[in-house]
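# Coordinate inspection notes
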Amino acid sequence: KLNWDVAHESASWGFGQVMGFNWKLLGYSSINDFITRMYASEGEQLIAACRYIKHKGLDKKLRAKDWAGFAKGYNGSDYKRNNYDNKLSAAYIKAKKEGW
């Protein structure tokens, strides 16, 4: 009610939980454009997450299977508390076993 843009920039969006304040650096024309796309489809959410990963240089961490480096870059230095690096590693191993 006080400031719609700021309120929505302070929230995370989509399954990638990309923070709204990243809208401009990810190539969206406005916070409203960003949000509209997050509601449009999971495909749009994936695009936003991939843009964020690429912008932060985290695609290199993924290619190297540096799960701790990726988790720290994506989730911050507190990533270990939620075991994100080990969850990523386990998901990768499971996907490989399933033929992905």
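Provided above is the structure to which this section pertains.
In what follows, the accompanying structure is described. Since we're looking at a predicted model, the values are computed, not measured. Numbering of residues begins from 1 in every chain and follows the order in which that chain's sequence is written. Restriction of local features to residues with pLDDT of at least 70 applies here, the model being predicted, together with a cutoff of 80 or more for giving and counting side-chain atom pairs; totals for whole chains, interfaces and linings are based on all residues. To obtain the side-chain values, all non-hydrogen atoms of the structure were included, while hydrogens and water were left out.

Another aspect to go through is the packing of aromatic side chains. Working definition: a ring pair exists when centres of Phe, Tyr or Trp rings (six-membered ring for Trp) sit within 6.5 Å. Plane angles under 30 degrees give stacked, over 60 give edge-to-face, the rest tilted. Enumeration over the complete set of coordinates arrives at five aromatic pairs. Ring centres of Trp13 and Tyr39 lie 6.1 Å apart, and the angle between their planes is 65 degrees; on these two criteria the pair is classed as edge-to-face. Of this pair, Trp13 sits in strand β1 (residues 12-13) while Tyr39 is found in helix α2 (residues 31-40), placing the two residues 26 residues apart along the sequence. Judged by its relative accessible area of 13%, Trp13 falls in the buried class. Relative to Tyr74, the ring of Phe70 has its centre 5.5 Å away and its plane inclined at 20 degrees; by these criteria the two rings are stacked. A residue pair is termed a helical-turn pair when its members lie 3 or 4 positions apart in one helix, as Phe70 and Tyr74 do in helix α5 (residues 67-75) at four residues. Per residue, the accessibility class of Phe70 equals that of Tyr74, and both read buried. Only DSSP runs of H or I reaching four residues or more are called helices, and only runs of E reaching two or more are called strands; each is numbered from the N terminus. Residue burial is assigned from relative accessible area. The probe radius is 1.4 Å, only protein chains are included, and a residue is buried under 20% of its type maximum, exposed over 50%, and partly exposed in between.

Of the positions making up α5, those classed as buried are Trp67, Gly69, Phe70, Ala71 and Tyr74. Packed against the buried residues of α5 are β2 (18-19), α3 (42-55), α4 (58-63) and α6 (84-97). Just downstream of α5, Gly76 is the residue with a positive phi angle, here 95 degrees. Two residues form a contact once any of their heavy atoms are found within 4.5 Å.

Glancing now at the side chain of Asp85. If you trace the backbone, Asp85 turns up in helix α6. Working convention for charge: Lys and Arg count positive, Asp and Glu count negative, and His plus the chain ends are omitted. What makes a salt bridge here is a side-chain nitrogen of Lys or Arg within 4 Å of a carboxyl oxygen of Asp or Glu, nothing more. Look at Asp85: it is buried, it has no salt bridge, and the nearest opposite charge is Lys80 at 6.3 Å. In contact with Asp85, not counting residues within four places along its chain, are Trp67, Ala68, Ala71 and Tyr79.

Everything listed here is a matter of geometry and, on its own, says nothing about what the molecule does.
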